[in-house]
Amino acid sequence: MDCIFCKLAQGEIPTDVLYEDEEIFVFTDQNPQAPVHFLAIPKKHIASLNEADADDAALLGRLLLRIRQIAEDEGFAADGYRVVNNIGQDGGQSVAHIHFHVLAGRSLQWPPG
Ligand code: 5GP
Ligand code: ZN
């Protein structure tokens, strides 16, 4: 499958890895929008939340809790941060492999554009 995030997660293309285990891959966003900006993905190719099914529930739950663990380990959990999942065209999704943006290190604005 010609998916850039699958290639990153499988180590075919080198990237800045923050965390990895058998099912999760976390790496720095190449175009950071905050002092801290990384992406957390399942290694399993799921195109977006729209394509996730009931069997993915535990995986996605572990991914979310892993994000919290990294936030604690990196020291920004207490100050706060934002987790963003863009879905489809109106959601602004540009890579068709589900990913959670994690943004931290500055006061983030709301609402988004
Ligand atoms: P989306 O717009 O789909 O929510 O977010 C895709 C994100 O992936 C963007 O923030 C973009 O900077 C990042 N991205 C796209 N291609 C690559 C890549 O090859 N390497 C890394 N590290 N980030 C990427
Ligand atoms: Zn993929």
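Presented here is a report on the structure given in the accompanying data block.

About the thresholds
Residues numbered from 1 in each chain as written. Chains lettered and ligands numbered in written order. Predicted model: local features only at pLDDT ≥ 70, side-chain atom pairs only at ≥ 80, totals over all residues. Heavy atoms only, no water. Phe/Tyr/Trp six-rings, centres within 6.5 Å; stacked < 30°, edge-to-face > 60°. Helix = DSSP H or I, 4+ residues; strand = E, 2+ residues; numbered from the N terminus. Buried < 20%, exposed > 50% of the residue type's maximum accessible area, 1.4 Å probe, protein only. Donors = N, O, S within 2.8 Å, 3.2 Å for Na, K, Ca; no water. Tetrahedral: all angles 85-135°; square planar, octahedral: opposite > 155°, others 65-115°.

Under the defined criterion, the tally for this structure stands at 4 aromatic pairs. Plain terms: the ring middles of Phe38 and Phe76 are 6.3 Å apart, the flat faces sit at 50° to each other, and that makes the pair tilted. Here Phe38, found in strand 3 (residues 36-42), pairs with Phe76, found in the loop between helix 2 (57-74) and strand 4 (82-84); they are 38 residues apart in sequence, far enough to count as distant. Across the pair, exposure class does not vary: Phe38 and Phe76 are buried alike. Between Phe76 and Tyr81 the ring centres are 5.4 Å apart and the planes differ by 75°, which places this aromatic pair in the edge-to-face class. Ring pairs connect the aromatic residues Phe5, Phe25 and Phe27, which therefore count as one cluster.

It is worth spelling out the coordination of the zinc ion (ligand 2) at this point. The protein atoms that coordinate the zinc ion (ligand 2) are Cys3 (SG), Cys6 (SG), His45 (ND1) and His97 (ND1), at distances of 2.0 to 2.3 Å. Here the zinc ion (ligand 2) is ringed by 4 donor atoms whose angles at the metal span 106 to 116°, and the overall shape comes out tetrahedral. Counting residues between consecutive donors of the zinc ion (ligand 2) along the chain gives the motif C-x2-C-x38-H-x51-H. Highlighted residues: His45 in the loop between strand 3 and helix 2 and His97 in the loop between helix 3 (88-91) and strand 5 (100-104), separated in sequence by 52 residues. Residue classification places His45 among the partly exposed positions, given a relative accessible area of 26%.

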